[in-house]
Every structure is written in C-alpha cells, then in structure tokens.
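Architecture and fold: a report
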Amino acid sequence: MSLNIRPLTPVLGAEVTGIDLSKTVSEAVFGEIETAFETYSVLVFPEQHLDDADQIAFSERFGPLESTIGANPGGAGTAFAVFSNVAEDGSIIPPQDRRMLFDSGNRMWHTDSSYKPVPAKASLLLGRRVPKTAGETEFASLRAAYDALTADEKAAADAHTVVHDFAFSRGKIDPNLLTSKDFHELPPVRHALVRSNPANDRRAVLVGAHASYIDGMCLAEGRALIDRLNAIATRPENVYTHRWRQGDLVMWDNRAVLHRGRPYDPLEARIMQRTTVAGTHPAATGA
C-alpha cells in the first residue's frame, strides 16, 4: 500500500494509512508525515500494534523525548506516561485511588507540558487496551481560536504573556493532590499567549486548563479572556473526536491543539501509553 492521508474534519485531523510504523519509515515517507503533522495538527494511525521500542523509535524521529515528572503516579524519569486503571496484578484500580484522581485531570481541556519552561512539541498516544465503548479523546483547534479574533484582538493577544501552572489545574480536582516536592519541581512558568508555527507561520493561542492568569491584567479579566479563548477553540466545529480502536496511534501538536480524555466505565480495563516529544524553544519566544 502507498501512504494515504485523509482529512478528518475541515479544521483539524487526518487519518494516515498504508504504513506500518513497526518498520523503518523512509526519509521520503517521513517527510510526508511531518508535513501532514504541521498541517493537520492531529494524525491518526490505525492498527499500529507497536511495542515499546517501536513507539520510541518513531516518536524520536520528531525530536528528543521528554521524561515523566515526579508527580506522575507511575514514577518519574521514564519515556512513557501510562494512563491505566489496571494494576500490576491485573486487577482494576478503584476510581477513588490517587492514581485515578491524578489521571482525571486529563479530562480537562489542556496542552501537554505547557506548565514546563519549554512546552512539548508533540504527543503520541497508543491504545494498548481500549474499552469497548466511551473513553474517547477530543481535540480542539487553538489555531481556530486565534483566527476567530478581530484584528485588534489579535494585536492585543500578541502582546500578552500567560502564566501556566500545574498546581492550578490539579487544584481544581483536589487542593491536596500534589505534594510539596511536586510544587518545588513544577513552579509556574510564563509563555507568550500567541505562538507562531515556524513550518507554516500558522498562529495559535496557548491556553487550556494549566493557564492560570495573564500578566498585566486583573485576575478576573485575564481568566475571562482565557475562558473565552478556550470556549472558541472547543466549539463543536473546531473539535475532532477520536473513538479508539485497539492499536490506534494518535499523534497531536501541543502547539496547535487542546485535548481531553472522556469518561469510560471504570470497571472496564483501559491501558494507554504516551510518548512526548520535547519542544525546542520557550513559548515566550513565540516559536
């Protein structure tokens, strides 16, 4: 089969077929995939039954990988963030367990690692064990949010700096969810509110659940602006909903989309494994 790229919505998302990512991807084919990633923001690779080494090898074609943070229930310093309700002994982890409470933060609209000094470039999530129903992942266009602004609003947004704070977002779940060590590891960071993609000059706003406030604006006014931008990005016409199948690999651009996981039956096993490609520039540079 030859590589086929099929847009999924008019705004974002494309399905990529005709490729087996467990095998080495040629430079020419990888170039097509990279162009599609920069264009569509979300790529779906169906039926990719990858092992750990396969997932890392393909992910690293896009750049160095991030390591997991200390607050991650699965432990720090690994290439994989695992989102699972299955314990090591095969039993289902109760919904009230701290690990499940921590993961519930992923049901808020967010961008991965925007709470770090250098936000993530891309995330690649593999469906290792997928519920029969529900548990979808939704993606929303931050480019559409920027494009919806008036010229004056764009000029104002271009000048703003937004503060992203992991403790702020997780505090919405439980103020006691993070430890003092977590607070020390993850202090608030400042980023440009508007980012420009160096590959195609498309602009996007950097908001989501980790966005706490905007420098130079009163708290209420700044949060109202963040809420408005989140609301524009997540309008139905700007959202792609992915319904998981076993072996799906979904890749997204954290510079261009918000995403969130949807609820599923907590008694049904679900195992998802993510690699995250590190960014190259602090978002304050606009890159």
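Description of the structure in this document.

Definitions and limits used
- Residues numbered from 1 in each chain as written.
- Predicted model: local features only at pLDDT ≥ 70, side-chain atom pairs only at ≥ 80, totals over all residues.
- Heavy atoms only, no water.
- Pairing = 2+ DSSP bridges.
- Helix = DSSP H or I, 4+ residues; strand = E, 2+ residues; numbered from the N terminus.
- Axes fitted to C-alpha atoms, helices over the stretch in contact; angles between N-to-C directions.
- Contact = heavy atoms within 4.5 Å.
- Salt bridge = Lys/Arg side-chain N within 4 Å of Asp/Glu carboxyl O.
- Buried < 20%, exposed > 50% of the residue type's maximum accessible area, 1.4 Å probe, protein only.
- Phe/Tyr/Trp six-rings, centres within 6.5 Å; stacked < 30°, edge-to-face > 60°.
- Lys NZ or Arg CZ within 6 Å of the ring centre and 35° of its normal.
- 1 Å grid on protein atoms, 1.4 Å probe; cavity = no way out; pocket = protein on both sides within 12 Å on 5 of 7 lines; lining within 4 Å.
- Points joined across faces, edges and corners; volume = space filled by probe spheres on them.
- Nonpolar A, V, L, I, M, F, W, Y, C, P; charged D, E, K, R; others polar.
- Polar contact = N/O pair within 3.5 Å; in protein donor to acceptor, adjacent residues only side chain to side chain.

For the rest of this paragraph, the subject is the sheet that holds strand β15 (residues 271-277). Taken together, seven strands build an open sheet; the order of strands is β1-β2-β3-β13-β5-β15-β4 and the sheet is mixed. The open sheet has two edge strands, β1 (4-7) and β4 (81-84), and neither has a second partner. Between one strand and the next, the sheet's axes are offset by a mean angle of 20°, whatever the strand orientation. Sheet topology note: the strand β2 (residues 14-17)/strand β3 (residues 42-45) ladder contains two bridges and is parallel. Within the sheet, the bridge partner assigned to Glu 15 lies in β3 and is Val 44. Against the sheet, helix α1 (residues 27-40) engages β1, β2, β3, β5 (122-129) and β13 (249-253), with an angle of about 130° to β3.

The next subject is the pattern of salt bridges. Throughout the structure, instances matching the rule amount to 17 salt bridges. Put simply, Glu 66 and Lys 116 hold a salt bridge, and the shortest N to O gap is 3.0 Å. Note that Glu 66 is positioned in the loop between α2 (52-60) and β4 and Lys 116 in the loop between α3 (98-103) and β5, a separation of 50 residues in sequence. Both residues of the pair, Glu 66 and Lys 116, belong to the buried class. For Glu 138, the salt bridge is made with Arg 262, and the minimal N-O distance between the two is 3.9 Å. In this pair, Glu 138 is assigned in strand β6 (residues 137-141) and Arg 262 in the loop between β14 (257-261) and β15, connecting sequence segments 124 residues apart. Overlapping salt bridges, with partners in common, bring together Arg 6, Glu 15, Arg 245 and Asp 248 in one network.

A complete count under the given rule lists seven aromatic pairs for this structure. Ring centres of Phe 139 and Tyr 240 lie 6.3 Å apart, and the angle between their planes is 15°; on these two criteria the pair is classed as stacked. One end of the pair, Phe 139, is in strand β6; the other, Tyr 240, is in strand β12 (residues 239-242), with 101 residues separating them in the sequence. Judged by its relative accessible area of 0%, Phe 139 falls in the buried class. Take Tyr 240: its relative accessible area is 11%, and that puts it in the buried class. Linked through ring pairs, Phe 30, Phe 37, Phe 45, Phe 58 and Phe 62 together constitute an aromatic cluster. Across the ring face of Phe 30, the terminal group of Arg 61 is positioned such that the distance to the ring centre comes to 4.5 Å.

What follows deals with the layout of surface pockets. Quantified by volume, the largest pocket comes out at close to 460 Å³. Every residue lining the largest pocket is counted, 26 residues in all, and those nearest its centre are Asp 103, Ser 104, Arg 107, Tyr 264 and Arg 270. Of all the elements in the fold, those that place two or more residues in the lining of the largest pocket are β4, α3, β14 and β15. Here the residues of the lining of the largest pocket are counted per class, giving 11 nonpolar, eight polar and seven charged.

On to the environment of Ile 173, then. For Ile 173, the location among the structural elements is in the loop between α6 (166-171) and α7 (180-185). When near neighbours in sequence (up to four residues on either side) are disregarded, Ile 173 contacts Leu 101, Ser 104, Gly 105 and Met 108.

Looking now at the side chain of Asn 85. With respect to the helices and strands, Asn 85 occurs in the loop between β4 and α3. Of the polar contacts made by the side chain of Asn 85, one reaches the backbone oxygen of Glu 268; its length is 2.9 Å. A polar contact is formed between the side chain of Asn 85 and the backbone nitrogen of Arg 270, at a distance of 2.8 Å. With residues near it in sequence (within four places) discarded, Asn 85 still touches Ser 91, Ile 92, Ile 93, Met 100, Tyr 264, Asp 265, Pro 266, Glu 268, Ala 269 and Arg 270.

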